[in-house]
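Commentary on secondary and tertiary structure
Below, each chain spelled out in residue letters.
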Amino acid sequence: MKKFFSTLMLSALCGVSFAQQATSPDGHLKVSVTCNEGKAAYTVMLDDDVVIESSPLGLNTSIGDFTKGLKLANPAPEAKQVSEAYSLPNAKIANISYTANEYTYSFTMEQAARRFGQRPQGQGQQAQTRDVPVFDVVMHIDNNNIAFKYVVKPQGDRKSCLVNNELTAYTFPESTTTFICPQMTPQTGFARTAPSYETFYEYDAPMGKNGHGRGFTFPALFKVKGQAPAAPVKKGKKAVAPAESLIWVMLNETNIGGNYCGSRIVNNANVYTIAYPEETEFGGVGSSGPGIMLDNAELASTPWRTITVGRTMKPIAETTIQWDVVKPQYAAKYDYKAGRSAWSWIIRMDASCNYDEQKEYVDFASAMGWEYLLVDALWDTNIGYERMEQLSKYAQSKGVNLFLWYNSNGYWNDAPQGPRGKMHRMIDRRKEMQWMQKAGIKGIKVDFVGSDKQQTMQMYEDILADANECGIMVIFHGCTLQRGWERMYPNFVACEAVRASENLAFGQNDNDIEALAGTIHPVLRNAVGNMDFGGSTLNKHYSKNNERGTTRKTSDCYALATAILFQTPVQNFAMAPNNLTDAPAWAVDFMKKVPVAWQDMKYIDGYPGKYVVIARKANGKWYLAAINAQNETLNLTLNLDGMFQAGQALTLYSDDALLQGSKTAVTPNKKTNTITVSIPKDGGVVVCE
Ligand code: CA
C-alpha cells in the first residue's frame, strides 16, 4: 500500500497521468493512452502481450504545434457503446454488424490568457494562463480492431488549418517481421505515373528497412511474437513456460476522400511513422499535408488510423473496420449490378482495341454468360464515339454491357493513351458521362491517377460523384488504395493498388512468383477493399495465338481458385475467346458460373507467401478455394462445418502432381465432415456444390 501511495504521489508531482486501459467489448484487446512530460502516446496489448509499444500521438498544424506541451484532460474516459448493422452489397461481406467501445481523450495546451481577448497583465502580476483544447483522440475498440482519429479544435478565430505532419507512429516489439510493399518514387515508372502501389511484397522481412527509402504503403502486415496466456501452476509442479504465440497486426487507414490525403508509413528501426504524400507527387501540384475545416467534429477529423489484431490471420482477412467507421457520402442514384467481365487488353494488348476484335469479345462474353466487356485504351481513336455507340448497342443485344477505359490525365504525368483530358475537369467529365449514359455504357476504368495527395483524392471523389449522376460504375487503375470507398461511394467498384495481372503479360518474373503473391492478396490487399487484379486466365501464354509471350506457371485450378480468392464485384477476367476451344471444358464451365457478388466469407487457413484457404458464399452456396506457393505439395485436411454437410455430394477441382487439373465428385467424411486435399506448388483447389 505504501509503495502504491508513493508512486501515486510521484506521478502527481511529475504530471504523469496513469494509463487507464481502454478495452474491446470482450476485454482481450487493450489500449493505454498516456501523456508524459507533455507528450501523448498509446500502447496496444492483446491479453498480456504488448502488440504495439508506447508510440507517439500528436499533430503539427498551421494553427499550432500540438506535439508537445500537451495535457490529457481526461485520462480515464467512460466507454460508450457503439453498434450498427449495415449492408454493403459491393464488398466481400454483404451484411455487417459492428459493435465497439468508443473512448474520447481530450488533449489541451496551456496558453497565455491574453491571446483570448483578456486585458494585458500589469507589472508584477503572474502571467495568466489557461488550458485550451487542442485535439481529441476518438478511439473505437472492437474485438479485433482499433480505429482512432484526431479531431482538431479551432483556435481563437481560426476555423481552418493545414496539417503539416502527424506524429502518429507504430512501435513494434523487437523480432517482429513484416509483410509490406515499398512506396514507389513519385514521377517515375511508365510516363511518370508512379506512385501506384505496384511494388513487390517482402515476406517475413526484418524491420529497419525503409522500403526504397520512402517508406511503405497500406495495408501493412506485421508478425509479432507473443506468448499464449500462461497455464496456472499446479501445486508441487514447476511452472510451464508459456508457449510462443504469433500475433498478426495489420495497419491501415480509412475515411479518405476529398477531406484528406492518403498516407504511407516511414520506418526507422522498429518505429513506423505516418507520412503524408511527397511534394513531387501529382506532377508537383497540390500540397503534401491536407487542409481541413474546423467548424464541426466531422470536418475537423483526420482519417481513422486502424490496427487489426489477431492470433491467426482470420480477423485480418475478415475485417470490415475500413467500412465500420465511415458513412455513405451519397445515395446510389441507380441500381449498380455486379458482374463478370471480358477484357481483351490483357492477352491481346493495345492492338486489340478495334471494332472487330471488341465485337469478337462481346460474343465471347455472351458465350460465357458474362455481364460486361471492358474496352481498354485507345478506343476513342481506333473505334471512335459513333461506332462505340454501335458496339454498345450490339453488346446490349447480346446481354452484355460495356465499361470504357479513360486516361485520368490531366497535367500530372505523360501517359499518352486516349481518351485523354476527359476526366479531370468537371465540365468535360459531365459531358462525357452524359454521352455514356445515352450510349448505355455502364462503367469506366480510369487509369494513371498515381498520387495520394488531398487534391488527387478530391478528384477520385468527384469522378465517383459525377458518375453516380449518370449511372456509371467506376474502377480506378494505376491509382491509390481505396480507403473506405465501397461504403462511401455506392457506384465504386475497385481500385487496382496491387501488382496486378498486367505484370504477368509484361514479364516472366511475375509469372514465376505468381502463386507467391497470390497467397497474400486475399488476406491483406483484398481484405481492405475490392481489388481490380484482372486474373484467372486459362491461356498458357499471354498472347493472342497462345504460343508466344510470357508463360503461365500456375495451373488451371489455380485460375479457378483465384476467381474465388480475389474479390471485386466486377471481375475483369483474363480469359480469351480461344479458351472456348483450347481450355478444358470443366474449367470453362466453372468460369461461366462463378459468382462475383458475395454474401459472406470465411478465412480458413494459410500463411502469407506460402498458401491460403478462403471460402466465400454467394446465393446461399459456399465456394472453398485454396492455392499453394511452396515447393512441397501441401496436404490439408479441411473441416467443412458451417459450409457443407457431412456426406454431402460435392464437386472438387484439383490438380495432380504435374498440375493437370480435373473435376471430380467428393463427399466429406460422414463422421468428421472433413475432406483431404493435396495442392502441388502453383496449383489450386476449389470445393463447391
Ligand atoms: Ca497498373
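Source: prediction; values computed, not measured.

Rules and cut-offs
Residues numbered from 1 in each chain as written. Predicted model: local features only at pLDDT ≥ 70, side-chain atom pairs only at ≥ 80, totals over all residues. Heavy atoms only, no water. Helix = DSSP H or I, 4+ residues; strand = E, 2+ residues; numbered from the N terminus. Rg over C-alpha atoms; globule rule 2.2 N^0.38 Å. Buried < 20%, exposed > 50% of the residue type's maximum accessible area, 1.4 Å probe, protein only. Contact = heavy atoms within 4.5 Å. Donors = N, O, S within 2.8 Å, 3.2 Å for Na, K, Ca; no water. Domains from an automatic or database assignment. Buried area = accessible area lost by both parts, 1.4 Å probe. Salt bridge = Lys/Arg side-chain N within 4 Å of Asp/Glu carboxyl O. Nonpolar A, V, L, I, M, F, W, Y, C, P; charged D, E, K, R; others polar.

**Examining the overall build of the protein chain**
Helix and strand counts for the protein chain stand at 16 helices and 36 strands. Taking 26 Å as the expected radius of gyration for a compact globule of 689 residues, we find that the protein chain reaches 27 Å, a close match to that expectation. Along the first, second and third principal axes, the C-alpha atoms of the protein chain reach 95 × 75 × 40 Å. In the protein chain, which comprises 689 residues, the proportion classed as buried is 60%. Sequence-distant contacts in the protein chain: of pairs separated by 6 or more residues, those separated by 24 or more amount to 71%.

**Here's the deal with the coordination of the calcium ion**
Looking at the calcium ion, the protein donor atoms are Glu-198 (OE), Glu-496 (OE), Glu-496 (OE), Glu-502 (OE) and Glu-502 (OE), and they sit 2.1 to 3.1 Å from it. Binding-site remark: the calcium ion is held by donors from one chain whose sequence spacing is E-x297-E-x5-E. Note on Glu-496: relative accessible area 0%, which makes it buried. For Glu-502, a relative accessible area of 14% puts it in the buried group.

**Things to note about the domain arrangement of the protein chain**
Entries for the protein chain in the domain assignment read domain 1 (2–324) and domain 2 (339–597). One C-alpha centre belongs to domain 1, the other to domain 2; they are set 35 Å apart. Taken residue by residue, the interface counts 56 residues in domain 1 and 53 residues in domain 2. Summed over both partners, the interface of domain 1 with domain 2 buries about 4,500 Å², with 58% contributed by carbon and sulfur atoms. On the domain 1 side of the interface with domain 2, the three residues burying the most area are Asn-90, Tyr-197 and Phe-282, jointly 18% of the side's total. Where domain 1 packs against domain 2, one counts three salt bridges. Residue assignment for the side of domain 1 that touches domain 2 shows that the elements contributing at least two residues are β8 (80–87), β17 (244–254), α2 (314–317) and α3 (321–324). It is β17 that provides the largest number of residues to the side of domain 1 that touches domain 2, a total of four residues. Residue classes in the side of domain 1 that touches domain 2 are distributed as 26 nonpolar, 21 polar and nine charged.

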